[in-house]
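This is what each chain is made of:
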Amino acid sequence: MELATVSGTAVLAALALFGIAYAVGGEDATSDNWVGVLVALLGLGGLLGSAAAFVLAIVATREHGLRRALWLPLALFPALALLLVLGEAFWWE
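Now for a quick tour of the structure. Since the structure is predicted, the reported quantities are computational estimates derived from the model, not experimental observations.

### Overview of the nonpolar core
Thought 1: Judged by nonpolar contacts, Ala4, Val11, Leu47, Ala53, Leu72, Leu76 and Leu80 together constitute the single largest core of 7 residues.
Thought 2: Here this core gets 3 residues from one element, more than from any other, and that element is helix α3 (residues 71–91).
Thought 3: Excluding its chain neighbours within four sequence positions, the residues that come into contact with Val11 are Gly43, Gly46, Leu47 and Leu80.

Laid out in structure tokens, this is it:
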């Protein structure tokens, strides 16, 4: 659960940083500089962390049965993967 929480926080921080930088400086504020690199690293770290939490939640479900505490790890990775796929298909070029 903690790994999924940290991963979700990293992704939300990346989105907030990107949104603030884009609102203040436009496209030039987010491309080819430290903001773009930081957002990409936070997003990638959040996606990889949520994938690890997803796998651990599946293993815990197989071992101990489905628990209410596992809803975040089981939902976060598919949601982030869907956001990445839809974002790449429709929003980002």
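Once you've had a look at it, read on.
### Overview of the packing of aromatic side chains
For any two aromatic rings, the description comes down to two numbers: the centre-to-centre distance and the angle of the planes.
Thought 1: According to the stated counting rule, one finds 2 aromatic pairs in the structure shown.
Thought 2: Judged by centre distance (5.9 Å) and plane angle (20 degrees), the ring pair of Phe18 and Tyr22 falls under stacked. Of the two residues, Phe18 and Tyr22 are both situated in helix α1 (residues 2–25); the distance of 4 residues between them amounts to about one turn of the helix.
Thought 3: A residue is classified by how much of its surface remains accessible, and Phe18, at 34% relative accessible area, is partly exposed.
Thought 4: Where Phe54 meets Phe77, the ring centres are 5.6 Å apart and the plane angle is 40 degrees; that geometry is what we call tilted. Of this pair, Phe54 sits in helix α2 (residues 34–64) while Phe77 sits in helix α3, and the two are 23 residues apart along the sequence.
Thought 5: With a relative accessible area of 25%, Phe77 lands in the partly exposed category.

### Section: the packing of α1 against α3
Thought 1: Running from amino to carboxyl end, α1 crosses α3 at an angle of 30 degrees, the nearest separation of the two axes being 9 Å. Here α1 lies roughly parallel to α3, going by the angle between them. When you trace α1 past α3, the crossing you get is left-handed. Between α1 and α3, the residues in contact are Ala4, Thr5, Ser7, Gly8 and Val11 and Leu72, Pro73, Leu76 and Leu80, respectively.
Thought 2: A class-by-class count of the residues in the contact of α1 with α3 yields 6 nonpolar, 3 polar and no charged.

### Examining α3
Thought 1: Between the first and last C-alpha of α3 there are 28 Å, a value that for 21 residues agrees with the 30 Å anticipated at 1.5 Å per step.
Thought 2: Of the positions making up α3, those classed as buried are Leu72, Pro73, Leu76, Leu80 and Gly87. Relative to the axis of α3, the buried residues are bounded by an arc of 85 degrees and lie together on one face. Along α3, the residues that are exposed and aim more than 90 degrees away from the buried face are Trp71, Leu82, Val85, Ala89 and Phe90.
Thought 3: Those residues of α3 hidden inside the fold are in contact with α1 and α2.

Calculation rules
- Residues numbered from 1 in each chain as written.
- Predicted model: local features only at pLDDT ≥ 70, side-chain atom pairs only at ≥ 80, totals over all residues.
- Heavy atoms only, no water.
- Core = buried A, V, L, I, M, F, W, Y, C linked by side-chain atoms within 4.5 Å.
- Buried < 20%, exposed > 50% of the residue type's maximum accessible area, 1.4 Å probe, protein only.
- Helix = DSSP H or I, 4+ residues; strand = E, 2+ residues; numbered from the N terminus.
- Contact = heavy atoms within 4.5 Å.
- Phe/Tyr/Trp six-rings, centres within 6.5 Å; stacked < 30°, edge-to-face > 60°.
- Axes fitted to C-alpha atoms, helices over the stretch in contact; angles between N-to-C directions.
- Parallel < 35°, antiparallel > 145°, perpendicular 65-115°, else oblique.
- Left-handed = near helix turned anticlockwise from the far one by under 90°.
- Nonpolar A, V, L, I, M, F, W, Y, C, P; charged D, E, K, R; others polar.
- Expected span 1.5 Å × (residues − 1).
- Arc of directions from axis to C-beta.

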